Amino acid sequence: MSIILASESPRRRELLARMGLDFIIRTAPHDETMNPFAAPSDEVARVSLLKAQAVYPNCRDEDIIVAADTIVVCDGLMMGKPRSEADAFSMLRRLSGRDHQVMSGLTVMQGSFTETVTVTTGIRFRHLADEEIRAYIATGEPMDKAGAYAIQGLAAMFIIGIDGDYYNVMGLPVCTLATILRKLGVQLLR
């Protein structure tokens, strides 16, 4: 049995390694387009399931596939990774001084077992000045992050409140994943 991470995200790799798990990275093409008229929690779960299903044909039945997708939601608007610096500025301006949610769809598959959940964490940003947003974008950090920020990076200076799983904001709800892996007999904390 191998654990297969269906993601190239450096943050997800880091978090699985912190859990003490040996794993293989395997990805396959899939459609990440989200329906803007559907519930964000349903869409992020659906995309995580698609990621797992895309790699499943190249795995053995005993392998455990872990797939995740993360979005930021503010006023019902789903925000993925910014497409440009202007897009990043728009996202951060929208989040400035406001509450929002970070949602991660998590899918774990093994043989005929599939569990897909959405984990939501509430975040509150302090007010950000436009020049501060521009300086943050100039670091390059926001460009490959949902919502255009990294809680574990420089954007930690923007966050005045968090309600829920910190690691979910990084892109992998570690506690939820550990609970599902235990159901499958994976020994953690050995």
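Use the structure listed above.
Because the structure is predicted, anything quoted here is derived from the model rather than measured.

## Focus: helix α4 (residues 130-138)
Here is step 1 of the chain: Turning to α4, its buried residues number three or more, namely I133, Y136 and I137. The buried side chains of α4 occupy one side of the element, clustering within an arc of 100° when seen end-on. Facing away from the buried side of α4, by more than 90 degrees, are the exposed residues E131, R134 and A138.
Here is step 2 of the chain: Looking at the buried side of α4, the elements it contacts are α3 (85-95).
Here is step 3 of the chain: Looking one or two residues beyond α4, the residue adopting positive phi is G140, at roughly 85°.

## A word on the nonpolar core
Here is step 1 of the chain: Counting residues in hydrophobic clusters, the biggest one holds 42 residues, and the most contacted among them are F125, Y149 and L177.
Here is step 2 of the chain: Sequence-distant contacts of Y149, defined by excluding residues within four places in its chain, comprise V72, L92, L95, H100, V102, I123, F125, Y136, P142, A155, I159 and V169.
Here is step 3 of the chain: A6, A52, A54 and I65 belong to the second-largest nonpolar core, a separate cluster that totals 10 residues.

## Some points on the side chain of H100
Here is step 1 of the chain: Tracing the sequence through the fold places H100 in strand β5 (residues 99-110).
Here is step 2 of the chain: Among the residues examined, H100 registers a relative accessible area of 1% and is labelled buried.
Here is step 3 of the chain: A polar contact is formed between the side chain of H100 and the side chain of Y149, at a distance of 2.7 Å.
Here is step 4 of the chain: Those residues in contact with H100 that lie beyond four places of it in its chain are V72, V73, C74, L95, T121, G122, I123, F125 and Y149.

What counts and how
Residues numbered from 1 in each chain as written. Predicted model: local features only at pLDDT ≥ 70, side-chain atom pairs only at ≥ 80, totals over all residues. Heavy atoms only, no water. Buried < 20%, exposed > 50% of the residue type's maximum accessible area, 1.4 Å probe, protein only. Helix = DSSP H or I, 4+ residues; strand = E, 2+ residues; numbered from the N terminus. Arc of directions from axis to C-beta. Contact = heavy atoms within 4.5 Å. Core = buried A, V, L, I, M, F, W, Y, C linked by side-chain atoms within 4.5 Å. Polar contact = N/O pair within 3.5 Å; in protein donor to acceptor, adjacent residues only side chain to side chain.

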